[in-house]
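# Fold and geometry: a report
Here is how the chains run, residue by residue.
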Amino acid sequence: MKRFLAAILACAVLAMPVSAFAKQSYDFSDIVTPFIKWPFNIINVEMTGEFFTTMHIYHASDSYDDVIKKLFEMYNKKEKISGYSIMGVTEQTQSQSYQMVIGYQNEHHYITIAPEGSGTIFSFEAMPSSYMTGVYDATGYGFILPDGSFANLYQAKEE
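The paragraphs below set out a description of the structure included in this document.

## Things to note about the overall build of the protein chain
The number of helices and strands found in the protein chain is two helices and nine strands. The proportion of buried residues among the 159 residues of the protein chain is 36%. Within the protein chain, contacts between residues at least 6 apart in sequence are counted, and of these 43% link residues at least 24 apart. As displayed, the protein chain offers around 9,500 Å² of accessible surface, 55% of which is attributable to carbon and sulfur atoms.

## A word on the sheet that holds strand E6 (residues 107-116)
Strand order in the open sheet formed by seven strands is E1-E2-E7-E6-E5-E4-E3, and the pairing between neighbours is antiparallel. In this open sheet, the two edge strands, each paired with only one partner strand, are strand E1 (42-48) and strand E3 (80-81). Bridge count between E6 and strand E7 (residues 119-125): five bridges; the pairing is antiparallel. Opposite Glu116, over in E7, you have Gly119 as the bridge partner.

## A look at the environment of Val101
Mapped onto the elements, Val101 comes out in strand E5 (residues 97-104). Its relative accessible area of 17% is what places Val101 among the buried residues. Taking C-alpha positions, Val101 is 5.3 Å from Gly88, a pair spaced 13 residues apart along the chain. Discounting residues that sit within four places of it in the chain, Val101 has contacts with Ser85, Ile86, Met87, Gly88, His109 and Tyr110.

## Re the nonpolar core
If you look at the biggest cluster of nonpolar residues, it comprises 21 residues, and the most contacted ones within it are Trp38, Leu71, Met100, Ile111, Ile113 and Phe122. Looking at this core, the elements that each hand over two or more residues are strand E2 (55-60), helix H2 (64-76), strand E4 (84-92), E5, E6 and E7. Dropping the residues within four chain positions of it, Trp38 is found in contact with Tyr58, Ile81, Met100, Ile111, Phe122 and Phe124.

## Observations concerning the packing of aromatic side chains
Under the counting rule described, the total for this entry stands at nine aromatic pairs. Between Phe35 and Tyr84 the ring centres are 6.1 Å apart and the planes differ by 55°, which places this aromatic pair in the tilted class. Pair noted here: Phe35 is in the loop between helix H1 (2-14) and E1 and Tyr84 is in strand E4, with a separation of 49 residues, a long-range link. Relative to Phe124, the ring of Phe35 lies with its centre 5.8 Å away and its plane at 85°, an arrangement referred to as edge-to-face. Note that Phe35 is positioned in the loop between H1 and E1 and Phe124 in strand E7, a separation of 89 residues in sequence. What makes Phe35 partly exposed here is its relative accessible area of 22%. Site record: aromatic cluster; members linked through ring pairs are Phe35, Trp38, Phe40, Tyr58, Tyr84, Tyr104, Phe122 and Phe124.

## Overview of H2
Its 13 residues give H2 an end-to-end C-alpha distance of 18 Å, which sits within 8% of 18 Å, the value for a rise of 1.5 Å per residue. Looking at H2, one finds that the buried residues are Tyr64, Val67, Ile68, Leu71 and Met74. Here the buried residues of H2 occupy an arc of 125° about the axis, which is enough to place them on one side. Facing away from the buried side of H2 by more than 90 degrees, the exposed set consists of Asp65, Lys69 and Asn76.

Cut-offs and rules
- Residues numbered from 1 in each chain as written.
- Predicted model: local features only at pLDDT ≥ 70, side-chain atom pairs only at ≥ 80, totals over all residues.
- Heavy atoms only, no water.
- Helix = DSSP H or I, 4+ residues; strand = E, 2+ residues; numbered from the N terminus.
- Buried < 20%, exposed > 50% of the residue type's maximum accessible area, 1.4 Å probe, protein only.
- Contact = heavy atoms within 4.5 Å.
- Areas by Shrake-Rupley, 256 points an atom, 1.4 Å probe, with all protein chains shown as cover.
- Pairing = 2+ DSSP bridges.
- Core = buried A, V, L, I, M, F, W, Y, C linked by side-chain atoms within 4.5 Å.
- Phe/Tyr/Trp six-rings, centres within 6.5 Å; stacked < 30°, edge-to-face > 60°.
- Expected span 1.5 Å × (residues − 1).
- Arc of directions from axis to C-beta.

Structure follows, in structure tokens:
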């Protein structure tokens with residue numbers, strides 16, 4: 001019964017209007033282009049990996065302590081970074097770093113912030129994580145392609 005309901009939900013998601021999906025246009029080539037304008041002094045941007053595993057790595061000359069302090073201030077004031085809301089900043093004690101979650105509509109990025117010499121490094125996957133909330137364990141992804149068509153992906157959680 002649960003699988004049947006998940007299939008019904010998948011059909012409903014695939015039939016939803018475009019407004020339910022991320023508004024940002026994805027032709028999958030823009031993942032190798034920096035898309036976040038940080039409020040810090042960025043001195044270098046690297047891209048590693050390929051396709052959906054492409055990592056963005058931003059190097060800032062601002063000190064790690066100053067960056068973390070500024071991010072907490074921005075989070076508390078509900079300020080945005082490049083149109084993305086700061087959804088949380090969490091200390092990762094085992095790796096001596098912080099993880100920040102930024103989001104825009106149904107698009108979320110998990111960013112690792114770590115010290116690098118006297119500066120700071122930000123690293124994250126270029127492809128966003130998207131969520132469909134509700135009763136069922138499912139994930140929905142929706143991307144608008146350059147020709148106006150849609151790439152809708154659906155994955156139900158395995159039991």
